[in-house]
Amino acid sequence: MTDLLAHAESVWQSVVADLPTFTVEVLPRIDSTSSELMRRARDGLVEPVLLAAEEQTAGRGRMGKGWHSRAGQSLTFSLALPLAPADWSGLSLAVGVSLAESLHPDVQLKWPNDLWLQQRKLGGILVETAGTGDGASAPRTVVVGVGINIARPEAAVVQSLATPGAVAAMPPAGLAEVRMGVTAGETLALVAPALVRDVLRFGADGFAPFANRFALRDALLGRAVRLTDGTEGTAEGVDAQGALRVRTAQGLRTVHSAEVSVRPC
């Protein structure tokens, strides 16, 4: 039995009391767990499911970036749930809060969808939705894709957060740096039950319950940042909808995740 399979039962047991139709699936290899669940969603999937993969060959990140994983080196999974929040704004931040709190006290959040450890990327989040009914208020299936580096990264080669073989000036972080000996299966059992609860809470209450929790782990707060459109300023947290506030020479600018990427200067 693989490591992920060994922990899938405990994840299911932790969630099924609240979601009786919840299932957990583990595959040895797949192109992308999120792509698979989005295909199912478009075909009418309405039951909650968590799909994890030992190896992911064509994973997707934000803005079309690739996300590759190797068995045992990282954790890749996607969660599909029917959801009908009054406002979808801030969902990726709420997901990040849930994951960071479960992983380790030192994990921070780089707006809008990165997990950071010691100023390096530990993981990423991709949120997508597909319609499952008619009408504006009908529930949609949300697919939350998560990738987390487990193993300690090599000195200069990025193994799981970029194209295989790519070289980076600073390698990504690995959870094993602060949780010695942790496995992908153990990490899944650590984060998945809380993630399900928090996504459901977001569906009921929106971003408001997560705003203060995000602020406590905001890696950009007070830092000089540069937007992909060339604008520079100082990050001043997020607003009630989870949009980033940046103080620029022209005044306070509100930035939405669909518009730009943000880099610390």
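Model, not experiment: these values are computed from the prediction.

## Focus: the packing of helix H3 (residues 91-103) against helix H4 (residues 184-205)
Part 1: The contact between H3 and H4 brings their axes to 9 Å, and the two run at 145°. In terms of crossing hand, the pair formed by H3 and H4 is right-handed. Side by side, H3 and H4 meet where Leu-91, Ala-94, Val-95, Ser-98, Leu-99, Ser-102 and Leu-103 of the first sit next to Thr-187, Leu-190, Val-191, Ala-194, Leu-195, Asp-198, Val-199 and Phe-202 of the second.
Part 2: Here the contact of H3 with H4 is composed, by residue class, of 11 nonpolar, three polar and one charged.

## Thoughts on helix H2 (residues 33-42)
Part 1: Most of H2 sits inside the fold, with seven of its 10 residues counted as buried.
Part 2: All buried positions along H2 are accounted for by Thr-33, Ser-34, Ser-35, Glu-36, Leu-37, Met-38 and Ala-41.
Part 3: In this structure Ser-32 caps H2, since a side-chain oxygen of it lies 3.3 Å from the backbone nitrogen of Ser-34.
Part 4: Gly-44 sits one or two positions beyond H2 and adopts a positive phi of about 110°.

## Notes on H3
One turn of the α-helix equals 3.6 residues, which is why residues spaced by three or four share an orientation.
Part 1: An ideal rise of 1.5 Å per residue puts 18 Å on 13 residues; H3 measures up with 18 Å between its terminal C-alpha atoms.
Part 2: Of all 13 residues in H3, 12 are buried, a share of seventy percent or more.
Part 3: Those residues of H3 that sit buried are Leu-91, Ser-92, Leu-93, Ala-94, Val-95, Gly-96, Val-97, Ser-98, Leu-99, Ala-100, Ser-102 and Leu-103.

## Examining the sheet that holds strand E14 (residues 262-264)
Part 1: Reading across the sheet, the five strands line up as E13-E12-E11-E10-E14 and stay open at both edges, with antiparallel pairing between neighbours. Looking at strand neighbours, the two that pair on one side only are strand E13 (251-255) and E14, the edges of this open sheet. Sheet twist, expressed as the mean angle between neighbouring strand axes with direction ignored, is 45°.
Part 2: Strand direction decides the pairing type here: strand E11 (residues 232-238) and strand E12 (residues 244-248), joined by three bridges, are antiparallel. Note on E12: the bridge partner recorded for Val-238 is Leu-244.

## Let's talk about the environment of Phe-214
Part 1: Mapped onto the secondary structure, Phe-214 falls in helix H5 (residues 208-216).
Part 2: A relative accessible area of 3% means that Phe-214 is categorised as buried.
Part 3: A C-alpha to C-alpha distance of 9.0 Å links Phe-214 and Gly-237, two positions 23 residues apart in sequence.
Part 4: Non-local contacts of Phe-214, meaning those with residues more than four positions away in its chain, are made with Leu-93, Val-97, Leu-109, Trp-111, Phe-207 and Val-238.

## Points about the side chain of Thr-248
Part 1: Within the secondary structure, Thr-248 sits in strand E12.
Part 2: Using a relative accessible area of 13% as the deciding quantity, one classes Thr-248 as buried.
Part 3: At 3.1 Å, the side chain of Thr-248 and the backbone nitrogen of Gln-250 are in polar contact.
Part 4: Beyond its immediate stretch of four places on either side in the chain, Thr-248 contacts Thr-231, Glu-232, Gly-233 and Arg-253.

## What to know about empty space enclosed by the protein
Part 1: For the structure on display, the rule yields two cavities of 30 Å³ or more.
Part 2: Of the volumes computed, that of the second largest cavity is approximately 40 Å³.
Part 3: In terms of lining residues, the second largest cavity is bounded by Ser-92, Leu-93, Gly-96, Leu-109, Lys-110, Trp-111, Pro-112, Asn-113, Asp-114, Ile-125 and Phe-214.
Part 4: Those elements giving two or more residues to the lining of the second largest cavity turn out to be H3 and strand E6 (108-110).
Part 5: Counting residues per element, the lining of the second largest cavity draws most heavily on H3, which supplies three residues.
Part 6: Its residues assigned to classes, the lining of the second largest cavity shows six nonpolar, three polar and two charged.

Calculation notes
- Within each chain, residues carry numbers counting from 1 in the order of the written sequence.
- In keeping with the model being predicted, local features are shown solely for residues with a pLDDT of at least 70 and side-chain atom pairs are shown and tallied solely at 80 or more, while totals for entire chains, interfaces and linings include all residues.
- Water and hydrogen atoms play no part in the side-chain values, which are based on all heavy atoms of the structure.
- Every axis in this analysis is a line fitted to C-alpha atoms, fitted for helices over the stretch in contact. Angles between the N-to-C directions lie between 0 and 180 degrees.
- Where helices and strands are cited, they refer to DSSP runs of H or I of at least four residues and of E of at least two residues respectively, numbered from the N terminus.
- Each helix crossing is assigned a hand: it is left-handed if the near helix lies turned anticlockwise from the far helix by less than a right angle, otherwise right-handed if that turn is clockwise.
- Contacts are assigned to residue pairs with any non-hydrogen atoms lying within 4.5 Å of each other.
- Each residue is assigned to one class: nonpolar for Ala, Val, Leu, Ile, Met, Phe, Trp, Tyr, Cys and Pro, charged for Asp, Glu, Lys and Arg, and polar for all the others, Gly among them.
- The classification of residues rests on relative accessible area computed with a 1.4 Å probe and restricted to protein chains. Under 20% of the type maximum is buried, over 50% is exposed, and intermediate values are partly exposed.
- A 3.5 Å cut-off defines polar contacts: any pair of N or O atoms within that distance qualifies, except that in protein one atom must be a possible hydrogen donor and the other a possible acceptor, and neighbouring residues in sequence count only when both atoms are side-chain atoms.
- In a helix, the anticipated span is given by 1.5 Å times the number of residues less one.
- Should DSSP find at least two bridges between two strands, the strands are taken to pair.
- With a 1 Å grid laid over protein atoms only, a set of points is called a cavity when a 1.4 Å probe fits there but cannot get out and a pocket when it is open yet has protein on both sides within 12 Å along at least five of seven lines; lining residues have an atom within 4 Å of a point.
- Grid points are joined across faces, edges and corners, and a volume is the space filled by probe spheres set on the points.

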